[in-house]
Amino acid sequence: MVEALRPPPRIECLKVQGFGGDSFSPSWFRPECLLNLRSLELSKCDGLKNLSIASLPSLERLMLEANLRMEAVTILGGSTGGEKTKHASSSSSNCIACLRGLTTIRLVNCYELQNLDGCLSPEYLPSIECIEINKSSHLGLSIHVDSFVGFEHLQESNTYKR
């Protein structure tokens, strides 16, 4: 069903609510199809376990809310701008900013979220101003204070347990 819902090329805000699949990967969920996307919100997607987000240079706000079974979020380098995929285990120092415009990330009520695949790093998020992790207990326990070192624009960081 989601595959058939192709958003217009100039879409700036995409809200997906109640998606039932275990992964969100329609063919149109690519950088070249979402050039102007500024806000992405996935909420109440009860079956969603893994989310891979391509490099979306215009994305400013990412909100994942009440995705109760979500276990991992991965940010992939896109096919535009010469960006490369970076895996969390990689120690490469030439990482390219995959979500260079992202200023806000909110993870709320994602109880099973255990892995952000190294996404919380200045290399991935050079413009981040606000990080909120609320009632995502597994993830909150695994994030160390050192994870927030190096974010030049970070103004607000909130982590709440279940």
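Residues numbered from 1 in each chain as written. Predicted model: local features only at pLDDT ≥ 70, side-chain atom pairs only at ≥ 80, totals over all residues. Heavy atoms only, no water.

Asker: How should I be thinking about the overall build of the protein chain in this particular structure?
Answerer: Along its length, the protein chain carries 1 helix and 8 strands. For the protein chain, the residues scored as buried account for 45% of the 162 residues in total. Counting only contacts in the protein chain whose residues sit at least 6 apart along the sequence, the fraction spanning at least 24 positions is 65%. (Helix = DSSP H or I, 4+ residues; strand = E, 2+ residues; numbered from the N terminus. Buried < 20%, exposed > 50% of the residue type's maximum accessible area, 1.4 Å probe, protein only. Contact = heavy atoms within 4.5 Å.)

Asker: Any chance you could explain the nonpolar core here in plain terms?
Answerer: Grouped burial of nonpolar side chains is what soluble globular proteins tend to show. Phe24, Leu42 and Leu64 are the most contacted members of the largest nonpolar core, which totals 39 residues. Elements with a contribution of two residues or more to this core: strand E1 (13-17), strand E2 (39-43), strand E3 (50-54), strand E4 (61-65), strand E5 (72-76), strand E6 (104-108) and strand E7 (130-134). Sequence-distant contacts of Leu64, defined by excluding residues within four places in its chain, comprise Leu42, Leu51, Met70, Val73, Arg106, Leu107, Val108 and Cys110. (Core = buried A, V, L, I, M, F, W, Y, C linked by side-chain atoms within 4.5 Å.)

Asker: Honestly, the sheet that holds E1 in this entry has me stumped. Any pointers?
Answerer: The pairing of strands in a sheet happens through backbone hydrogen bonds and is either parallel or antiparallel. Pairing is parallel in the open sheet, where 6 strands are placed in the order E1-E2-E4-E6-E7-E8. The open sheet has two edge strands with one neighbour each: E1 and strand E8 (156-160). Going from strand to strand, the sheet's axes swing by 5° on average, the running direction of each strand aside. Inspection of the sheet shows E4 paired to E6 by 5 bridges, in the parallel sense. Residue pairing across strands places Arg61 opposite Thr104, the latter belonging to E6. (Pairing = 2+ DSSP bridges. Axes fitted to C-alpha atoms, helices over the stretch in contact; angles between N-to-C directions.)

Asker: Hey, could you run me through the side chain of Ser39 in this one?
Answerer: Considering the arrangement of structural elements, one finds Ser39 in strand E2. A relative accessible area of 11% places Ser39 in the buried class. Side chain to side chain, Ser39 and Arg61 meet in a polar contact 3.3 Å long. When near neighbours in sequence (up to four residues on either side) are disregarded, Ser39 contacts Glu12, Cys13, Leu14, Leu59 and Arg61. (Polar contact = N/O pair within 3.5 Å; in protein donor to acceptor, adjacent residues only side chain to side chain.)

Asker: Sorry if this is basic, but what is going on with the environment of Tyr111 here?
Answerer: In this structure, Tyr111 sits in the loop between E6 and E7. Sequence spacing of Tyr111 and Leu68 is 43 residues, and the spatial spacing of their C-alpha atoms is 5.6 Å. Engagement of the side chain of Tyr111 in a polar contact is seen with the side chain of Asn109, the distance being 3.5 Å.

Asker: Explain the pairing of E5 here, please?
Answerer: If a strand is regular, its side chains alternate between the two faces of the sheet. When you tally the buried positions in E5, you get 4 out of 5 residues, the bulk of the element. Sheet analysis places E3 next to E5, joined by 5 bridges and oriented parallel. Bridge pairing links Ile53 to Ile75 in E5.

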